[in-house]
Amino acid sequence: DNAKLFEYAPNGRLSGFCVTEPRNHANLVLQYCNGSANQAWVATPASGSFQWINEATGDAMTDPGHNNHPGNAGTQLTGSHPHGDADQLWDAYH
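The paragraphs below set out a description of the structure included in this document.

### Overview of the overall build of the chain
The helix and strand tally for the chain stands at zero helices and six strands. Along the chain direction, N to C, the helices and strands of the chain fall in the order β-β-β-β-β-β. Out of the 94 residues belonging to the chain, those deemed buried represent 34%. Residue pairs in contact within the chain that sit at least 24 positions apart in sequence constitute 38% of those at least 6 positions apart. Taken as a whole, the chain presents about 5,800 Å² of accessible surface, with 52% of it coming from carbon and sulfur.

Now the structure itself:
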């Protein structure tokens, strides 16, 4: 299993809170990291990038405002049915 947890780390300090999709097609929220399937995201190749698919819901991490350009922060991320459009494609940087 190659699932990943995304822990919120303001200023590089781990918070103990992870990106969570509490139910199907919901807004993503920060909840205490517990390793549940609602916090587990699997990188799935799509169109030269990746979609992050939630293990519990099967939804893709989605930026409904499609603000995945530098300087356009602030959109509430959601989970939605995977369709592979630009609002669901993510590049991974280490």
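### Here's the deal with the state of the cysteines
Evaluated as defined, the whole model comprises one disulfide. Each sulfur of the disulfide joining Cys18 and Cys33 lies 2.0 Å from the other. For the disulfide bridge between Cys18 and Cys33, the dihedral angle about the S-S bond is near 100°, and by the sign convention the bridge is right-handed. Residue Cys18 is found in strand 1 (residues 17–20), and its partner Cys33 is found in the loop between strand 2 (29–32) and strand 3 (41–46); the two are separated by 15 residues along the sequence. Residue class for Cys18 comes out buried when judged on its relative accessible area of 2%.

### A closer look at the environment of Thr62
Looking at the secondary structure, you find Thr62 in strand 5 (residues 60–62). Of the residues examined, Thr62 reaches a relative accessible area of 4% and is grouped as buried. With sequence-adjacent residues up to four places away left out, Thr62 is seen in contact with Leu77, Thr78, Ser80, Asp87, Gln88 and Trp90. Within the structure, Thr62 has its side chain in polar contact with the side chain of Gln88 (distance 3.0 Å).

Conventions we followed
Residues numbered from 1 in each chain as written. Predicted model: local features only at pLDDT ≥ 70, side-chain atom pairs only at ≥ 80, totals over all residues. Heavy atoms only, no water. Helix = DSSP H or I, 4+ residues; strand = E, 2+ residues; numbered from the N terminus. Buried < 20%, exposed > 50% of the residue type's maximum accessible area, 1.4 Å probe, protein only. Contact = heavy atoms within 4.5 Å. Areas by Shrake-Rupley, 256 points an atom, 1.4 Å probe, with all protein chains shown as cover. Disulfide = S-S within 2.5 Å. Polar contact = N/O pair within 3.5 Å; in protein donor to acceptor, adjacent residues only side chain to side chain.

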